[in-house]
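# Geometric and topological summary
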Amino acid sequence: MSQNKNTSIPSSTVTRDLRQLDKGTENIYESIVVIAKRANQIAVDVKEELNGKLSEFASNNDNLEEVFENREQIEISKHYERLPKASLVAVDEFLNDKVYFRNPSKEQE
C-alpha cells in the first residue's frame, strides 16, 4: 500500500489554505468530493490489507486467553492505528497532483 511509504504525511490535524484546494478543479466543493472519494478508496484498501493480515492469525476455536495473548495481532493493529488517516493522505495526494480525476459533465460541455 502506498500509504505505508508516505512518511511525510502528518498523523494529526493540519490547517490548510482553502485557496490551494480549488487549483485543480476551480471549485472548492468539487475538490472536496474528489478528496473524499479518494479517502474512501484508501480506507477500503487499508481495511482489506489489515483484515488479510489479521485473518492469518484467526482460528475457529479461540478462547479468551488466546485472544488477549496474541501479540502478533496486537502489533499489527497498533501499526495500522499509527498510520495517517485516509483523509490526510487523500488531501496530500490531491495537493501534490497524485490523483487522477475527471468530471464527465464538464467534458460534455
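Rules used throughout
- Residues numbered from 1 in each chain as written.
- Predicted model: local features only at pLDDT ≥ 70, side-chain atom pairs only at ≥ 80, totals over all residues.
- Heavy atoms only, no water.
- Helix = DSSP H or I, 4+ residues; strand = E, 2+ residues; numbered from the N terminus.
- Buried < 20%, exposed > 50% of the residue type's maximum accessible area, 1.4 Å probe, protein only.
- Contact = heavy atoms within 4.5 Å.
- Areas by Shrake-Rupley, 256 points an atom, 1.4 Å probe, with all protein chains shown as cover.
- Axes fitted to C-alpha atoms, helices over the stretch in contact; angles between N-to-C directions.
- Parallel < 35°, antiparallel > 145°, perpendicular 65-115°, else oblique.
- Left-handed = near helix turned anticlockwise from the far one by under 90°.
- Nonpolar A, V, L, I, M, F, W, Y, C, P; charged D, E, K, R; others polar.
- Core = buried A, V, L, I, M, F, W, Y, C linked by side-chain atoms within 4.5 Å.
- pLDDT = per-residue confidence, 0-100.

All right, on to the overall build of the chain then. Across its full length, the chain carries 6 helices and 0 strands. Going from N to C terminus, the chain has its helices and strands arranged as α-α-α-α-α-α. The 109 residues of the chain split such that 25% are buried. Long-range pairs, those at least 24 residues apart, make up 76% of the contacts in the chain between residues at least 6 apart in sequence. Here the chain has roughly 8,200 Å² of accessible surface; of this, 49% comes from carbon and sulfur atoms.

Turning our eyes to something else, we now look at the packing of helix α2 (residues 28-55) against helix α5 (residues 86-95). Look at α2 against α5: their axes get within 8 Å of each other, and the N-to-C directions meet at 125 degrees. Between α2 and α5, the interaxial angle falls into the category oblique. Between α2 and α5 lies a crossing of right-handed hand. Across the interface between the two elements, Ser31, Val34, Ile35, Arg38, Ala39, Ile42 and Ala43 from α2 touch Ala86, Ser87, Val89, Ala90, Val91, Glu93 and Phe94 from α5. A class-by-class count of the residues in the contact of α2 with α5 yields 10 nonpolar, 2 polar and 2 charged.

Attention now moves to the nonpolar core. Among the nonpolar cores identified, the biggest contains 18 residues, and Leu21, Ile35, Ile42, Tyr80, Ala90 and Phe94 are the most heavily contacted of them. Going through the elements one at a time, α2, α4 (71-82) and α5 are the ones with two or more residues in this core. Among all residues touching Ala90, those that are not within four sequence positions of it are Ile35, Arg38, Ala39 and Ile42.

Phi angles above zero are rare outside glycine, and Glu26 is one such case at about 65 degrees. Along the chain, Glu26 falls in the loop between α1 (18-21) and α2. Taking the relative accessible area as the measure of exposure, Glu26 reaches 65% and is therefore exposed.

Another aspect to go through is the confidence of the model for the chain. With 80% of its residues at a pLDDT of 70 or more, the chain shows a mean pLDDT of 81. The secondary-structure element of the chain with the lowest mean pLDDT is helix α3 (residues 64-69), recorded at 59, while α2 shows the highest, at 93.

In this section: the packing of α2 against α4. Interhelical geometry of α2 versus α4 gives an angle of 170 degrees and a closest axis separation of 10 Å. Here α4 runs roughly antiparallel to α2, going by the angle between their axes. Residues Val46, Glu49, Leu50, Lys53 and Leu54 of α2 form the contact with α4, whose own contacting residues are Gln73, Ile76, Ser77 and Tyr80. For the contact of α2 with α4, a count of residues per class yields 5 nonpolar, 2 polar and 2 charged.

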